[in-house]
Amino acid sequence: MMRTRFAPSPTGFMHIGNLRTALFGYLLARRMGGVFALRIEDTDIGRYVPEALDKIYETLKIAGIKHDEGPDIGGNYGPYVQSERKDSYLKQAEALIELGAAYYCICAPGEEACNCRAAGLARPEGPYAIRQLIPPGQTTFSDLVYGEITVENSELEDQVLIKQDGMPTYNFANVVDDHFMAITHVLRGSEYLPSTPKYNLLYEAFGWPIPTYVHLPLILSADGGKLSKRRGDAFFEDFLEKGFLPEAIVNYIVLLGWSPPDNREIYTLAELEQVFGIEGLSKAPSTFDLAKLKWMNGEYFKAMSGKNFEPLAAPYLAAAVKREDINRSALSLMVKDRIATLLEIREILDFIDVLPEYGADLFMNKKNKSTPETAKDMLSKLLPEMEAFPAENWESGAIYKFLTDFAEAQGVKNSLVLWPIRCALSGKESSPGGATELLNVFGKNESVARIKQALEVL
RNA sequence: GGCCCGUUGGUCAAGGGGUUAAGACACUGCCCUUUCACGGCAGUAACAAGGGUUCGAAUCCCUUACGGGUCACCA
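These numbers come from a predicted model, not from an experiment. (Residues numbered from 1 in each chain as written. Chains lettered and ligands numbered in written order. Predicted model: local features only at pLDDT ≥ 70, side-chain atom pairs only at ≥ 80, totals over all residues. Heavy atoms only, no water.)

Asker: Could you clarify how one ought to interpret the overall build of chain A in this entry?
Answerer: Along the backbone of chain A there are 18 helices and 11 strands. Taking 458 residues into account, the globule formula puts the C-alpha radius of gyration at 23 Å, and chain A, at 32 Å, lies well above it. Overall size of chain A, expressed as C-alpha extent along the three principal axes, is 100 × 45 × 40 Å. When the 458 residues of chain A are sorted by exposure, 51% land in the buried category. Here chain A has roughly 21,500 Å² of accessible surface; of this, 53% comes from carbon and sulfur atoms. Positive and negative charge centroids in chain A, built from 48 and 62 side chains respectively, lie 4 Å apart. (Helix = DSSP H or I, 4+ residues; strand = E, 2+ residues; numbered from the N terminus. Rg over C-alpha atoms; globule rule 2.2 N^0.38 Å. Buried < 20%, exposed > 50% of the residue type's maximum accessible area, 1.4 Å probe, protein only. Areas by Shrake-Rupley, 256 points an atom, 1.4 Å probe, with all protein chains shown as cover. Lys, Arg positive; Asp, Glu negative; His and termini not counted. Charge placed at Lys NZ, Arg CZ, Asp CG, Glu CD.)

Asker: How should the pairing of strand β5 (residues 138-143) be read in this particular structure?
Answerer: Sheet faces and side chains relate simply in a regular strand, where the side chains alternate between the two faces. Burial along β5 is one-sided: T139, F141 and D143 are buried, while Q138, T140 and S142, pointing the other way, are not. Of the strand pairs in this sheet, β5 and strand β6 (residues 147-152) are connected by six bridges, and their pairing is antiparallel. Residue pairing for β6: T140 is matched across the bridge by T150. Where β5 folds back onto β6 in an antiparallel hairpin, the turn is made up of three residues. (Pairing = 2+ DSSP bridges.)

Asker: Can you walk me through the pairing of strand β9 (residues 212-216) in this structure?
Answerer: Of all five residues in β9, four are buried, a share of seventy percent or more. Bridging between strand β8 (residues 185-189) and β9 involves five bridges; their strand directions are parallel. In the sheet register, R188 faces β9, and the bridge partner there is H215. In this fold, β8 hands off to helix α6 (residues 196-206), which returns the chain to β9; that crossover is right-handed. (Right-handed = clockwise from strand over helix to strand, strands pointing away.)

Asker: Where do I start with the side chain of R85 in this structure?
Answerer: Residue position: R85 is located in the loop between α2 (50-63) and α3 (86-98). Of note is the side chain of R85, whose polar atom sits 2.6 Å from the backbone oxygen of P79. The residues contacting R85, other than those within four sequence positions of it, are Y77, G78, P79, D177, F180 and M181. (Polar contact = N/O pair within 3.5 Å; in protein donor to acceptor, adjacent residues only side chain to side chain. Contact = heavy atoms within 4.5 Å.)

Asker: Hey, could you run me through the packing of helix α12 (residues 328-336) against helix α18 (residues 435-457) in this one?
Answerer: How two helices pack is summed up by the angle between their axes together with the distance between the axes. Running from N to C, α12 and α18 point in directions that differ by 155°, and their axes come no closer than 9 Å. Classified by the interaxial angle, the pair formed by α12 and α18 is roughly antiparallel. In the crossing of α12 with α18, the sense of the turn from one axis to the other is left-handed. For the pair α12 and α18, the contacting residues are A330, L331 and M334 in the first and E437, L438 and V441 in the second. (Axes fitted to C-alpha atoms, helices over the stretch in contact; angles between N-to-C directions. Parallel < 35°, antiparallel > 145°, perpendicular 65-115°, else oblique. Left-handed = near helix turned anticlockwise from the far one by under 90°.)

Asker: Help me understand the packing of aromatic side chains in this model?
Answerer: Between two aromatic rings, the relevant description is the distance of the centres plus the angle of the planes. A complete count under the given rule lists 17 aromatic pairs for this structure. Centre to centre, the rings of F301 and F309 are 5.3 Å apart; their planes meet at 75°, and the pair counts as edge-to-face. You'll find F301 and F309 in the same group, each marked buried. Summarising the aromatic geometry, the rings of F389 and W394 are spaced 5.6 Å apart at their centres and angled 90° between planes, so their arrangement reads as edge-to-face. Across the pair, W394 and F389 agree in class, each one buried. Aromatic ring contacts, followed pair by pair, group F239, F244, Y252 and F288 into a single cluster. Sitting over the face of the ring of Y199, R188 holds its NZ or CZ atom 4.4 Å from the ring centroid. Here the guanidinium or amino end of K242 rests over the ring plane of F239, the centre of that ring lying 5.0 Å away. (Phe/Tyr/Trp six-rings, centres within 6.5 Å; stacked < 30°, edge-to-face > 60°. Lys NZ or Arg CZ within 6 Å of the ring centre and 35° of its normal.)

Asker: Explain the domain arrangement of chain A here, please?
Answerer: Accessible area lost upon the coming together of the parts is a frequently used measure of interface size. On domain assignment, one finds that chain A holds domain 1 (3-80 + 219-292), domain 2 (82-216), domain 3 (304-353) and domain 4 (360-457). Taking only C-alpha atoms into account, the centre of domain 1 sits 50 Å from that of domain 4. (Domains from an automatic or database assignment.)

Asker: Whenever I open this one, helix α15 (residues 372-388) confuses me. Can you help?
Answerer: In an α-helix, one turn spans 3.6 residues, which is why side chains three or four residues apart end up on the same side. Taking 1.5 Å of rise per residue, the 17 residues of α15 would be expected to cover 24 Å, and the 24 Å separating its terminal C-alpha atoms lies within 8% of that figure. When we look at burial in α15, the residues that qualify are P372, A375, M378, L379, L382, L383 and M386. Taken together, the buried residues of α15 touch α16 (396-410), α17 (414-426) and α18. (Expected span 1.5 Å × (residues − 1).)

Asker: Before we go on, may I ask you to explain the pattern of salt bridges in this structure?
Answerer: A side chain with one charge may pair with a side chain of the opposite charge, provided their charged atoms come close. Summed over all chains, the structure comprises 21 salt bridges. For K292, the salt bridge goes to E265, with nearest N and O atoms at 2.8 Å. Of this pair, K292 sits in helix α10 (residues 290-303) while E265 sits in the loop between α8 (246-254) and α9 (269-275), and the two are 27 residues apart along the sequence. The class of K292 is partly exposed, set by a relative accessible area of 29%. We classify E265 as partly exposed; its relative accessible area is 28%. R323 is the partner of D325 in a salt bridge, and the nearest nitrogen-oxygen pair spans 2.7 Å. D325 gets classed as partly exposed once you look at its relative accessible area, which sits at 46%. Via salt bridges that share partners, R5, R39, E41, R85, D177 and D178 belong to a single interconnected network. (Salt bridge = Lys/Arg side-chain N within 4 Å of Asp/Glu carboxyl O.)

Okay, here's the thing in structure tokens:
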């Protein structure tokens, strides 16, 4: 049975690249009817951030990635936290020494000329590390996406397996844990490609079966570099804060370094669990394109019902519009299909609370032939009729009929009366809705007031 | 710098010896429209370069260039 794993270290937020690795591991396991395990790699005591563990659980949950085994839910291969497996690493490293594939090293960390390999020390009294003994020759490993890669062993270093603090290094703990957790497929970023031969040497020395490697191409930022904390495009949380939906982020990310079997791009997680496969993985690094993420996010809003959208938009709406006399549901609906991110709600509705200052030019519209003059004419004639309009009948259908009747009575095209109203109510060149919608959300009193203001400008 | 990996439009990418070299985002234009959007239609735009191999190369090989990764008692 296929077993994959996600092995983050609890050092902070969830990097987009790591999230994608988790996602791919999860999807692959689901697709193949396998198991996806979560293992916490907390061997670096110095970088350990206690809250990060919860962050990992939370992120996976929000993203919809469900692990089958892990520290929180257990499993047959626990414990799933490396610090709790500490003893086994030392034991295995010493076994490796017996096998002639490792040795004790008493040098200080970072020390250059190390003679410990030649010295063949017995277990030292004082502080020591254990290093891997790289044999001469060359090593070939096979990767499902990159194929066969061969390197000269002379390029490899006698890497540290057990640190002086008794903790294993990432590279060693990984090998030991993957073996004892029966991991069959190791998915990780391609930055680990250079250290993979050392893994093989370790597996070979132990006589353990070598797992299938699946290295994933890197995700780059628009400038060709790495995604960065500073630019705010490195972490899953960054994008949530910017008003992106978890589903859209996940959907977008899965398309980075992997392409679906058909031309479709919008997939639910459940659908991805059916179609994801290593065949679609690519070797070349890909650039994270915010514009496409935005488009995709917008698609998710459009596909959503107004009812489902409303609670998502509510907090942003509350920040954007303070006045109480506006129907929130109507606003929410008005905005739903017009935004790429929830954050845009504020900007798109900035005319609701306070009418922006504008000049007579606003009423110019080449296409419908509106001019400040026609606008003034229409609005001044409309105003008294509008004031006479019964407030209790103020709703879209009636408003629209009222306006079209008015236009007909004046003998002009609808747009010649609708356009100036839209301008008067929004004070902007574009607004999330036309005249009827705006009249409807503002209600009679505010609408009349704004039209009066417009007449003053005109 | 050594080693490793990569290179199809601005971006994501399909395609793996014979294609008019898909599709999506972005961009442009037109249509629709009660603004702007949405939607519909159309368009601009690519096989890094040079050598081979082959009847035939985006696809295979080599070289170069460029980009990235890696060379920690970090992960």
